[in-house]
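# Structure at a glance
Single-letter residue listing:
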Amino acid sequence: MPASSAAAVAAAAANSSVCAPLPVLGRDVLVPLVTGGEVDYAALDYAASAPALQRVWDDVAAYAPYYGSVHRGAGYLSQLSTDLFENSRRTISDFLGCRADDQVVFTRSTTDSLNLLAAVLPENTRVFVFETEHHASLLPWEQRADTEVTYLNAPRTPRQAVDTLEQALAGREPYGPALVCVTGASNVTGELWPVRELAAAAHAHGARIVLDAAQLAPHHPVDIAELDVDWIAFSGHKLYAPFGSGVLAGRADWLQGADPYLAGGGASRKVSRRTDGGVDVEWHTTAARHEAGSPNVIGAYAIASACRALTEAGFDTLVAREQALIARVRAGLAEVPEVRVLSLFGDDAPRVGVLSFVVEGWNSSHFAAALSAEYGIGVRDGLFCAHPLVRTLLGSEPDEPGECGAPEAAPGERSLNAIRVSFGAGTPDEHVERFVRAVKELVADGARWNYRTEDGRCVPASA
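Now for a look at the structure at hand. (Residues numbered from 1 in each chain as written. Predicted model: local features only at pLDDT ≥ 70, side-chain atom pairs only at ≥ 80, totals over all residues. Heavy atoms only, no water.)

Okay, the overall build of the protein next. When its secondary structure is counted, the protein shows 14 helices and 19 strands. Here the C-alpha atoms of the protein give a radius of gyration of 23 Å, agreeing with the 23 Å that 2.2 N^0.38 yields for 463 residues. A total of 463 residues make up the protein; the buried ones form 54% of that total. Expressed as a percentage of contacts within the protein between residues at least 6 apart in sequence, the contacts between residues at least 24 apart total 71%. Roughly 19,600 Å² of accessible area belongs to the protein as shown, and the carbon and sulfur atoms make up 52% of that amount. (Helix = DSSP H or I, 4+ residues; strand = E, 2+ residues; numbered from the N terminus. Rg over C-alpha atoms; globule rule 2.2 N^0.38 Å. Buried < 20%, exposed > 50% of the residue type's maximum accessible area, 1.4 Å probe, protein only. Contact = heavy atoms within 4.5 Å. Areas by Shrake-Rupley, 256 points an atom, 1.4 Å probe, with all protein chains shown as cover.)

As for its position among the elements, Glu291 is in the loop between strand S12 (279–283) and helix H10 (297–313). The buried category is assigned to Glu291, whose relative accessible area is 10%. Engagement of the side chain of Glu291 in a polar contact is seen with the side chain of Arg89, the distance being 2.9 Å. For Glu291, the side chain forms a polar contact with the main-chain nitrogen of Phe106, separated by 2.7 Å. Setting aside chain neighbours within four positions, we find Glu291 in contact with Phe85, Arg89, Val104, Val105 and Phe106. (Polar contact = N/O pair within 3.5 Å; in protein donor to acceptor, adjacent residues only side chain to side chain.)

Our focus in this paragraph is the sheet that holds strand S9 (residues 231–235). If you walk across this open sheet you meet the 7 strands as S4-S10-S9-S8-S7-S5-S6, and the pairing is mixed. What marks the edges here is a single partner per strand, and that holds for strand S4 (103–107) and strand S6 (148–152). Along the sheet, successive strands turn relative to each other by an average axial angle of 20°, direction set aside. Relative to strand S7 (residues 178–183), strand S5 (residues 126–130) is paired through 4 bridges, and the arrangement is parallel. Opposite Arg126, over in S7, you have Ala178 as the bridge partner. Packed onto the sheet, helix H6 (residues 158–170) meets S5, S6 and S7 and runs at close to 160° relative to S5. Relative to strand S8 (residues 208–212), helix H7 (residues 195–204) is tilted by about 155°, and along the sheet it contacts S5, S7 and S8. (Pairing = 2+ DSSP bridges. Axes fitted to C-alpha atoms, helices over the stretch in contact; angles between N-to-C directions.)

Looking at where Ser109 falls in the secondary structure, it is placed in the loop between S4 and helix H4 (110–119). With near-sequence residues (within four places) excluded, Ser109 lies in contact with Phe234, Ser235, Ser245 and Gly246.

Moving on, we get to the environment of Glu86. In this fold, Glu86 is placed in helix H3 (residues 76–95). Here Glu86 falls in the partly exposed class, since its relative accessible area comes to 22%. Each C-alpha atom, one on Glu86 and one on Ala309, is 18 Å from the other, the two residues being 223 residues apart in sequence. Engagement of the side chain of Glu86 in a polar contact is seen with the side chain of Arg89, the distance being 2.8 Å.

With that out of the way, let us pick up helix H14 (residues 429–445). The end-to-end C-alpha distance of H14, which contains 17 residues, comes to 24 Å, matching closely the 24 Å that a straight helix rising 1.5 Å per residue would cover. Looking only at H14, the buried set comprises Asp429, His431, Val432, Arg434, Phe435, Val436, Ala438, Val439 and Leu442. Remark: Gly446 follows H14 within two positions and exhibits a positive phi of approximately 80°. (Expected span 1.5 Å × (residues − 1).)

With 7 of its 10 residues buried, H4 lies for the most part within the structure. Residues of H4 that are buried include every one of Thr110, Asp112, Ser113, Leu114, Leu116, Leu117 and Ala118, and no others. On its buried face, H4 is in contact with S4, helix H5 (135–138), S7, S8, S9 and strand S10 (246–250).

Attention now goes to unusual backbone geometry. A positive phi angle is found at His71, which is not glycine, with a value near 75°. Tracing the backbone shows His71 in the loop between helix H2 (54–63) and H3. With a phi close to 60°, Phe384 is a non-glycine residue in the positive phi region. Within the element layout of this structure, Phe384 appears in the loop between strand S16 (380–382) and helix H13 (387–393).

Time to look at the state of the cysteines. Here a disulfide denotes a covalent bond joining the sulfur atom of one cysteine to the sulfur atom of another. Counted under the stated rule, the structure contains 0 disulfides. The thiol of Cys307 is unpaired, and the distance to the nearest cysteine sulfur, on Cys98, comes to 10 Å. Judged by its relative accessible area of 1%, Cys307 falls in the buried class. (Disulfide = S-S within 2.5 Å.)

A cluster of nonpolar side chains, Tyr66, Tyr76 and Leu77, forms an exposed patch at the surface whose accessible area comes to about 330 Å². Tracing the backbone through its elements, the reader meets Leu77 in helix H3. (Patch = residues over 30% accessible without salt bridge, like charges linked within 9 Å, V, L, I, M, F, W, Y side chains within 5 Å. Salt bridge = Lys/Arg side-chain N within 4 Å of Asp/Glu carboxyl O.)

This part covers the packing of H2 against H10. One way to put it is that H2 packs onto H10 with a least axis distance of 9 Å and a crossing angle of 140°. With respect to each other, H2 and H10 are oriented oblique. Once H2 is placed against H10, the crossing between them reads as right-handed. Contact residues: H2 offers Arg55, Val56, Asp59, Val60 and Tyr63, while H10 offers Val297, Ile298, Tyr301, Ala302, Ser305, Ala306, Arg308, Ala309 and Glu312. Taken together, the residues of the contact of H2 with H10 sort by class into 9 nonpolar, 1 polar and 4 charged. (Parallel < 35°, antiparallel > 145°, perpendicular 65-115°, else oblique. Left-handed = near helix turned anticlockwise from the far one by under 90°. Nonpolar A, V, L, I, M, F, W, Y, C, P; charged D, E, K, R; others polar.)

Of all 6 residues making up S7, 6 are buried, and the element is well covered by its neighbours. Of the two faces of S7, the one holding Ala178, Val180 and Val182 and the one holding Leu179, Cys181 and Thr183 are both buried throughout. Note: S7 against S8, 5 bridges, orientation parallel. Residue pairing in the sheet places Thr183 in a bridge with Asp212 of S8. The parallel pair S7 and S8 is bridged by H7, and the resulting crossover is right-handed. (Right-handed = clockwise from strand over helix to strand, strands pointing away.)

Below is the structure:
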């Protein structure tokens, strides 16, 4: 961490009254407690979906009366919407530090972006992916019958990650097109991965690399040229924008060389009938090639608005404050012997505001339900769409189902799940303090309410 950032962390940690730097929707929402009364909702599940920034919502609301069809429309509102859509593409390109010949393709999500990339891979591409990936970046590659996927074991240090990849790439046969997929920050542990070093290893062995930045982009600057990755994928709903939009940005050649991800209007430049009764199609070579159909202009504009807000707030400031929050959570959890924080790379590994943990004697669903019902705190429990990673991290964990919560495992298997707390630029200090206090109270005193299992979830029982 640069000296300036380290100083900012210290300053932020010393000032416990710092408010969230970027206001979000829902910050004033009151939720009922089973023990009586109401409390403002503490949204600590940013890794699943971050609340939309108030600024993003305001920008979208200001545009809404001018909503019109995008591309090819002759009317004023259509022209305005088209300009807004394409300017959003340029804003996102700048935010990601794209190279001059990179393309920014709008998708529905990170999952959609990586499935798009999987669809355009050259024939017989070898894909290398660590078992530690989110399912969005773990699963798309085997959808192609001609694609061979090598799953790499979970590394225990950043250096081991690079060495494991180098060995796998060096031993591949035959030597043809290859793609490496890696996360920037784990959605389970929050740990930062050595992206630049992995990119160098990939390129040294003639492979390309795609970065899943879903958890990285909301917390850290992401520069495609500086990291030297070939593509970046991320979702709007992790980046303080509403649901339903995503981005795949990077090299154009594989995108241009493949058939469109979806066939239809917008992707085609020219369609004509043949004498044999069929049709000939000339497809676009721009990003439009993979954006068939009427585009999600509001989704694109929302992402661009979030990119502007984060840039203007300054990542040095945002990172410094988040590191102070991380330090507070880690220090608080360390004071509870029954709590074990999950980690691949160790306690000193740099991370974003995402931490997962288990509590001795508690089923994770029960603990998360009590945080919600008794303290108004929203966290996530389970396997976080990263089943192989969580099972690896919990492989030696004793089976402690507790008195509530249905085990996910099949008969004969042990039930494994964890609790995840995650936060970011919209998190007030009080929410983090409430979370730490709640963990200590629940472990020391137990839940104050009775809970039961309903449809596999732990929920408060009727009074």
